Amino acid sequence: MTTFSLFDKPSKFDGIYAFFIVNRLQMLSLFLLMPNYLLHPFMIWGIVAMAFFSHLNIRLLCKWLESNYAKKGYQGFVELFGVRMVRLLTFIGLILILIKITVITLGYLEVIHDFIFPSMNSNWIIFFILLTSSYVASLGMKNTIRFVVIVFLYVFWMIFLHFPFFIPPIAALHDLYPLIPTSWTTASWKGLLLIWASFSGPEYLICLIPWIKPQQKMRKYLSYANALSTLEYLLLFIASLFFFGSNYLSKTKYPIIHMIRYLQSPLFERPDIILISLHMFVLVFAISIFLLCIYGAIRIILKKTSTQPSRMGFAVTCIMLFLCVVIVNNWVWSIETQQNILLNIQIWLSGITYFIVPTFLLLLTKLKGRVKA
């Protein structure tokens, strides 16, 4: 029987893989809801402002990635926090990743259910998504990271489909007014929070340190990824304003998908079905990475890091994840009020962890360095 080598580290990947990973994690799912939350044209500046703060956050993260603690991987975390604290923080991280997987899976499930398979039992859709993700993850961290190149090439070109919405008569410049806010409400703050949470994703690189080559150029790659995500957010939001107008943007839950349905093609009657299906690549990639992180976290919590990963242990992790998502789908997500609460929890957690993780790691590293000196 061949060795089950999920976490082999034969060679490290260049920063270009970090670029693909960060960009796709930032474009994972919240961008589908973004126009519905932002509404007002002046939130264009909100996207630009949050992109700037995200760039600063990435600089902090890169400074930590260049530290000696980061280069040592798991051992570096042990030196920083101690074994017990690492296990506690790993447990907290595991809960956060479980919530993220559950929300992004059920979010896409709802899109698939609404636009492609309205009569299909939702549990079967969850089963097929997680089965595909489990297969990709079972190929190991190395192959899963390589998979992100295919994901990027399959999905990135879709942004160009939105250019017809920038051409008159659909596009009218007055739909972008006012660009300066005349009032600021609680909804505007929520919009900023959603934008910030949408930029989260780079912090998960701390889980991939053993596979990503630490180098000075990392900052450049992550900055480019952040800039590309910003451009995509701006294009999608401005296209939504041109198509719906500020007053009607709140009338639909998934404005970006509804826009795509209006595109005419001599080959395909429903281009939205193809685009939603292709976007599943991003979901499968993200769940695969997170699934490996969950299995790795369980091994750290159970003090199994010195033993080889087992097929049984990985299979049990996949089954537990499936049961968790199905339970939430049937008893929580099906009720609109609870669905909104869970979605808001995920948005808040993404925003908080993205802000805290790089800052906290860098501050602790500096503090430890001073103590040693």
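See the structure printed just above.
Below or above, wherever it landed, is the structure these notes cover. (Residues numbered from 1 in each chain as written. Predicted model: local features only at pLDDT ≥ 70, side-chain atom pairs only at ≥ 80, totals over all residues. Heavy atoms only, no water.)

Overview of the overall build of the protein
Let me state the cut-off plainly: Going along the chain from the N terminus, every DSSP run of H or I of four or more residues is numbered as a helix, and every run of E of two or more is numbered as a strand. Note that the radius of gyration is over C-alpha atoms, with the globule rule given as 2.2 Å times the number of residues to the power 0.38. For each residue, the accessible area found with a 1.4 Å probe, counting protein chains only, is set against the maximum for its type, and the residue is called buried under 20%, exposed over 50%, and partly exposed in between. For the area figures, the Shrake-Rupley method with a 1.4 Å probe applies, and any residue is considered shielded solely by the protein chains shown.
From N to C terminus, the protein includes 14 helices and 0 strands. Tracing the protein from N to C terminus, the helices and strands come up as α-α-α-α-α-α-α-α-α-α-α-α-α-α. The globule rule puts the C-alpha radius of gyration for 373 residues at 21 Å, and the 21 Å found for the protein is close to it. With respect to the principal axes defined by its C-alpha atoms, the protein has extents near 60 × 50 × 35 Å. Counting only residues that meet the buried cut, the protein has 53% of its 373 residues in that class. When the accessible surface of the protein is totalled, it reaches about 18,100 Å², and 68% of it is carbon and sulfur.

Side note on the environment of Leu-94
Using the following cut-off: Between two residues, a contact is recorded if the distance between any of their heavy atoms is within 4.5 Å.
Among the structural elements, Leu-94 can be located in helix H6 (residues 83-115). Spatially, the C-alpha atom of Leu-94 lies 9.9 Å from that of Leu-291, the residues being 197 residues apart in sequence. The residues contacting Leu-94, other than those within four sequence positions of it, are Ile-294, Ala-297, Ile-298 and Ile-301.

Re a nonpolar patch on the surface
Operational definition: Nonpolar side chains (Val, Leu, Ile, Met, Phe, Trp, Tyr) within 5 Å and like charges within 9 Å form the patches, drawn only from residues with over 30% relative accessible area and no salt bridge. Between Lys or Arg on one side and Asp or Glu on the other, a salt bridge is scored when a side-chain nitrogen of the former is within 4 Å of a carboxyl oxygen of the latter.
Side chains of Met-85, Leu-88, Leu-89, Phe-91, Ile-92, Ile-95, Trp-348, Ile-352, Phe-355, Ile-356 and Phe-360 sit close together on the surface and give an oily, nonpolar patch of about 1,000 Å² of accessible area. Looking at the nonpolar patch, the elements that each hand over two or more residues are H6 and helix H14 (336-372). Within the secondary structure layout, Trp-348 lies in helix H14.

Notes on the nonpolar core
Generally speaking, nonpolar side chains in soluble globular proteins are found buried as a group. Rules: Residues grouped as a nonpolar core are buried Ala, Val, Leu, Ile, Met, Phe, Trp, Tyr and Cys residues, joined through side-chain atoms within 4.5 Å.
With 136 residues, the main nonpolar core has Ile-21, Trp-64, Ile-195, Leu-222, Phe-290 and Phe-314 as its most contacted residues. In this structure Ile-21 touches Ile-145, Val-148, Leu-205, Leu-208, Ile-212 and Phe-285, once residues within four positions along its chain are discounted.

Some points on helix H7 (residues 122-138)
The condition that has to hold: Any helix carries an expected span of 1.5 Å times its number of residues minus one. When we speak of the arc, we mean the arc of directions from the helix axis to the C-beta atoms.
Its 17 residues place the ends of H7 24 Å apart at the C-alpha level, agreeing with the 24 Å of an ideal helix rising 1.5 Å per residue. Of the residues making up H7, those classed as buried are Ser-122, Ile-125, Ile-126, Ile-129, Leu-130, Ser-133, Ser-134, Val-136 and Ala-137. The buried residues of H7 occupy one face: seen down the axis, they fall within an arc of 160°. Lining the buried residues of H7 we find H6, helix H8 (141-155), helix H12 (271-301) and helix H13 (311-333).

Thoughts on the environment of Tyr-295
Applied cut-off: Polar contact is the term for a pair of N or O atoms within 3.5 Å; when the atoms are in protein, one must be able to donate a hydrogen and the other to accept it, and sequence-neighboring residues count only if both atoms are side-chain atoms.
With respect to the secondary-structure elements, Tyr-295 resides in helix H12. Considered as a pair, Tyr-295 and Ala-239 are 56 residues apart in the sequence and their alpha carbons are 40 Å apart. Once residues lying within four places of it in the same chain are set aside, the contact partners of Tyr-295 are Leu-6, Phe-7, Pro-309, Ser-310, Gly-313, Phe-314 and Thr-317. Separated by 3.0 Å, the side chain of Tyr-295 and the backbone nitrogen of Ser-310 make a polar contact.

What about the packing of aromatic side chains?
Test applied: To pair, rings of Phe, Tyr and Trp, with the six-membered ring standing in for Trp, must have centres within 6.5 Å; the planes then decide the type, stacked if under 30 degrees apart, edge-to-face if over 60, and tilted in the middle.
Tallied over the full model, the rule gives 30 aromatic pairs. Between Trp-184 and Trp-189 the ring centres are 5.5 Å apart and the planes differ by 80°, which places this aromatic pair in the edge-to-face class. Look at Trp-184 and you get partly exposed, because its relative accessible area is 38%. By the ring-pair criterion, three or more aromatic residues cluster together here, those being Phe-19, Phe-20, Phe-152, Phe-156, Phe-160, Phe-163, Phe-166 and Phe-242.

Digging into the side chain of Gln-339
Looking at where Gln-339 falls in the secondary structure, it is placed in helix H14. At 3.4 Å, the side chain of Gln-339 forms a polar contact with the side chain of Glu-110. For Gln-339, the contacting residues outside a window of four places in its chain are Glu-110, Lys-253, Val-332 and Trp-333.

Notes on the pattern of salt bridges
Taken as a whole and judged by the stated rule, the model has 7 salt bridges. Among the ionic pairs, Arg-24 bridges to Glu-232, the shortest N-O distance being 3.1 Å. Taken together, the residues span a long stretch of sequence, with Arg-24 in helix H1 (residues 15-26) and Glu-232 in helix H10 (residues 218-244) at a distance of 208 residues. Judged by relative accessible area, Glu-232 falls into the buried class, the value being 5%. Counted as one network, the salt bridges with shared partners bring together Arg-261, Arg-270 and Asp-272.

Let's talk about the packing of H1 against H8
What counts, and what does not: Axis lines are fitted to C-alpha atoms, over the contacting stretch for helices. Their N-to-C directions set the angle, which ranges from 0 to 180 degrees. For this classification, under 35 degrees means roughly parallel, over 145 means roughly antiparallel, 65 to 115 means roughly perpendicular, and everything else is oblique. Take the far helix as your reference; a near helix turned counterclockwise from it by less than a right angle gives a left-handed crossing, and one turned clockwise gives a right-handed crossing.
For the pair H1 and H8, the least separation of the axes is 9 Å and the interaxial angle reads 60°. The angle between H1 and H8 falls in the class oblique. Crossing angle aside, the handedness with which H1 passes H8 is left-handed. Two secondary-structure elements touch here, H1 through Tyr-17, Phe-19, Phe-20, Ile-21, Asn-23 and Arg-24 and H8 through Ile-145, Arg-146, Val-148, Val-149, Val-151, Phe-152 and Val-155.

Structural notes on the state of the cysteines
Let me state the cut-off plainly: Note on disulfides: each one is a pair of cysteine sulfur atoms within 2.5 Å.
For the structure shown, the criterion picks out 0 disulfides. With no disulfide of its own, Cys-207 lies closest to Cys-293 among cysteine sulfurs, the gap being 4.2 Å. Distance from the sulfur of Cys-318, which forms no disulfide, to the nearest cysteine sulfur (Cys-324) is 13 Å.

A closer look at the side chain of Ser-54
Along the chain, Ser-54 falls in helix H3 (residues 43-65). A relative accessible area of 0% places Ser-54 in the buried class. At 2.7 Å, the side chain of Ser-54 and the side chain of Asn-226 are in polar contact. A distance of 2.7 Å separates the side chain of Ser-54 from the side chain of Tyr-354, its partner in a polar contact. Apart from the residues within four sequence positions on either side, Ser-54 is in contact with Gln-26, Trp-196, Phe-199, Asn-226 and Tyr-354.

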